[in-house]
Each structure stands twice: as C-alpha cells, then as structure tokens.
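# Residue-level structural notes
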Amino acid sequence: TDMPDWSLRSNLLSIKGVPLLESIAMHWERVEAFQAVPGDLLIATYPKAGTTWTQEIVDLIMNDGKKEECMRAPTHIRMPFLEISTPNKIMSGFQLLQVMAPPRVIKTHLPIQLVPHSFWENRCKVIYVARNAKDTAVSYYHFSRMNQVQPDPGTWPEYLDKFMRGELPWGSWYDHVKGYWKEKEKKNMLYLFFEDMKEDPRREVLRIAGFLGRHVPVDTIDNIVQLTTFAAMKNNPMANYSTVPDSIFDRKASEFLRKGEVGDWQNHFSSQQSAVFDEHYRRVIADTPVPFRFLL
Ligand code: A3P
C-alpha cells in the first residue's frame with residue numbers, strides 16, 4: 001500500500017539486448033557480480049512457465065515433504081528472486097540473498113547468457129522449466145494485467161505482437177527456451193516442461209528428487225504431489241503470493257494462480273491469430289526444435 005508510484009507500470013531498459021524492468025536494469029552490476037556458492041540451486045524460467053510450482057516441489061523435497069516447514073515463509077522469502085528489486089524491498093531478492101546462509105534455492109527469469117558467471121564457475125545445479133509459447137503468452141498477459149510492476153499489457157492483440165517480437169520483460173521467449181536447451185548437456189541442468197508436470201506430476205517430482213540426489217520415500221512423494229496440486233497451492237497462503245498487497249497484485253484484474261492448465265490458449269487465440277503465430281513459431285524455433293506440446 002506504500003509502494004511509490006514511480007515503480008508501478010515500469011519502463012523497460014535493455015541489458016545486452018534484453019529488455020528488463022527498469023528497477024532491475026538500474027541495479028544490473030550487482031546482479032552480474034552475484035556470488036553463487038557450490039550447492040546453491042538455481043530455478044530458471046521464462047515468466048509464467050511454472051516457476052512457483054517448481055519452487056514448491058523443490059522446497060518440499062528438500063524438507064522431506066514436511067508441510068509446516070514449507071509454510072515457514074512465503075515463496076519469495078524462502079527462495080529469493082535473484083534479480084528483482086522493488087523500492088520498499090517487498091520482494092527484493094538481492095537483499096534477502098545477502099543475509100541467507102548457503103546453500104540457497106534461487107529463482108531467476110534471466111536468459112542463460114545473463115545468468116551470473118558464479119553459478120557456472122561453481123557448477124551449481126539448474127532446474128529450467130519451460131511451458132509452451134501460447135499458454136505462456138496468455139498467462140503472462142493476465143499476470144501483466146494484475147501485477148502493477150509490469151508494463152501495461154494493452155490489449156491482447158497488442159500483447160501477442162509484443163510477445164512474438166520479444167519486447168516483454170525478460171525478452172524473447174524463443175531465445176530463452178532455446179538458450180537453455182542448447183546448454184543443457186554442458187551445464188548441470190534438468191530441463192523440465194510444464195506440460196509434463198501436468199500430465200504426470202508424480203513422475204516429474206521423482207525426476208526432480210533424483211536430480212537433487214535425494215532419496216524420497218514413496219509416501220513422501222505422494223504427499224508432495226498432493227501438496228503441490230493447483231488447488232492445494234491456491235489455498236496455501238505461503239505458496240499463492242497472497243502476502244503481496246493489492247496495490248501491487250490487483251486481484252480484481254486476475255489471480256496469481258489463475259487456471260494452471262494446458263491449452264487455455266484456445267480460449268484466447270482467434271484462429272487467425274493462431275495461424276499467424278504458428279507460422280512465425282515454426283520459422284523462429286526451427287534452428288533449435290525444443291519439443292513443446294501445446295495440448296495434452
Ligand atoms: P496460469 O496463468 O495459466 O494459471 P510462474 O510461477 O512461473 O509465474 O507461473 C504461473 C503459472 O503457473 C500460472 O499459470 C499458475 O496458475 C500456474 N501454476 C502455479 N502453480 C501451479 C500448480 N500447482 N499446478 C498447475 N499450475 C500452476
């Protein structure tokens with residue numbers, strides 16, 4: 001409620017060709033110089049790919065499926081958002097990380113070429129989550145309507161054009177998903193898909209646990225799957241961003257946990273928009289065909 005006006009409906013500034021929120025770009029040097037240490041885990045995504053969902057699964061795995069442990073604080077306090085910085089520090093990742101004892105679980109939306117070098121130097125594990133472009137665009141549109149820190153999304157057709165041109169905060173979705181895909185064998189990386197998580201959450205929870213080197217008993221896995229359904233997270237005040245004030249997240253416009261489905265794009269794309277999008281998509285993804293599914 002005491003958020004100064006100047007940080008709302010943010011401008012974008014380019015960092016090495018990637019449009020970022022002004023508040024992030026202004027503090028770029030300290031993001032770039034961030035010191036990850038061995039054992040830190042990075043959860044990287046393009047916005048709206050299922051970051052929060054994956055964070056909750058990871059935190060539960062690391063805490064042996066104990067619900068109360070994972071309700072110790074809201075998502076963004078438990079697993080700070082590396083590059084974000086807001087004037088009243090409400091979600092500021094940098095300040096949180098300075099006082100947090102490693103090893104840490106760190107969220108980022110940065111494309112791979114902007115991830116601080118210390119993560120690679122220390123061979124930190126990275127979990128990348130990708131979601132099909134059409135559902136991502138729809139989810140990001142609704143999120144931008146509600147999150148007053150994001151630039152004003154305008155109309156859906158205007159927004160879709162910006163998505164296709166890579167003009168939204170954190171840049172091109174296409175470059176983002178391809179950038180991590182190309183590096184996944186060289187880096188210590190698990191590349192996940194939102195659609196796989198929806199199709200078989202248990203299988204994906206097991207994959208994540210395996211990647212983290214955790215042996216998790218069957219009962220605990222089942223418990224984690226139950227605690228990370230859309231409905232369970234929507235009702236969990238420590239996993240649904242309900243602690244962010246209405247002055248930033250305008251809940252009359254949309255909700256953070258909005259639908260959580262695969263294929264909701266069909267309710268937003270006209271057949272004409274879909275055809276134009278598909279044609280452009282085929283051209284842009286051709287050099288690195290990441291195997292997305294647009295429907296289950
Ligand atoms: P929708 O807008 O399509 O509902 P992020 O955390 O990366 O910002 O992604 C947010 C998207 O993930 C939202 O998509 C949100 O509803 C969805 N989501 C969050 N938790 C989920 C869960 N447990 N199951 C399915 N979808 C979830």
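Residues numbered from 1 in each chain as written. Predicted model: local features only at pLDDT ≥ 70, side-chain atom pairs only at ≥ 80, totals over all residues. Heavy atoms only, no water.

### Comments concerning helix 9 (residues 173-183)
What counts, and what does not: Note on classification: 1.4 Å probe, protein chains only; a residue is buried when its accessible area is under 20% of the maximum for its type, exposed when over 50%, partly exposed between these limits. Secondary structure elements follow DSSP: runs of H or I no shorter than four residues count as helices, runs of E no shorter than two count as strands, and numbering proceeds from the N terminus. Within 3.5 Å is the distance limit for a polar contact, defined as a pair of N or O atoms, with the added protein rule that one can donate a hydrogen and the other accept it, and that residues adjacent in sequence qualify only through two side-chain atoms.
Extensive coverage of helix 9 is indicated by the burial of 8 of its 11 residues. Turning to helix 9, its buried residues are W173, Y174, H176, V177, K178, G179, Y180 and E183. N-cap assignment for helix 9: the residue whose side-chain oxygen lies 3.1 Å from the backbone N of Y174 is S172.

### Some points on the layout of surface pockets
Empty pockets left among the atoms are what a rolling probe the size of a water molecule brings to light. Rules: We place a 1 Å grid over just the protein atoms. Points where a 1.4 Å probe fits but has no way out form a cavity, open points with protein on both sides within 12 Å along at least 5 of 7 lines form a pocket, and any residue with an atom within 4 Å of a point lines it. Grid points are joined across faces, edges and corners, and a volume is the space filled by probe spheres set on the points. Residues are grouped as follows: Ala, Val, Leu, Ile, Met, Phe, Trp, Tyr, Cys and Pro are nonpolar; Asp, Glu, Lys and Arg are charged; all remaining types, including Gly, are polar.
Its volume calculated, the largest pocket comes out at about 710 Å³. Contributions of two or more residues to the lining of the largest pocket are made by helix 3 (51-62), helix 7 (133-146), helix 10 (194-199) and helix 13 (230-234). Of the residues assigned to the lining of the largest pocket, the class counts are 24 nonpolar, 13 polar and 7 charged. For the lining of the second largest pocket, the residue count by class is 10 nonpolar, 4 polar and 8 charged.

### A closer look at the packing of aromatic side chains
Cut-off, in case you're wondering: Two rings from Phe, Tyr or Trp (for Trp, the six-membered ring) form a pair when their centres sit within 6.5 Å of each other. Planes less than 30 degrees apart are called stacked, planes more than 60 degrees apart edge-to-face, and all others tilted. Over a ring means this: the NZ of a Lys or the CZ of an Arg is within 6 Å of the ring centre and within 35 degrees of the ring normal.
Per the stated rule, a full pass over the model turns up 31 aromatic pairs. Here Y46 and Y140 contribute two aromatic rings whose centre-to-centre distance is 5.7 Å and whose plane-to-plane angle is 90°, an arrangement assigned as edge-to-face. You can see Y46 sitting in the loop between strand 3 (41-45) and helix 3 and its partner Y140 sitting in helix 7, a full 94 residues away along the chain. Accessibility expressed as a relative area gives 2% for Y46, which makes it buried. A residue is classified by how much of its surface remains accessible, and Y140, at 0% relative accessible area, is buried. Plain terms: the ring middles of W156 and F269 are 5.2 Å apart, the flat faces sit at 75° to each other, and that makes the pair edge-to-face. Highlighted residues: W156 in helix 8 (residues 156-165) and F269 in the loop between helix 13 and helix 14 (271-285), separated in sequence by 113 residues. Residue classification places F269 among the buried positions, given a relative accessible area of 8%. If you follow R131 out to its NZ or CZ, it ends over the ring of F194, 3.9 Å from the centre. Just above the ring of W120 sits the side chain of K187; from NZ or CZ to the centre is 4.7 Å.

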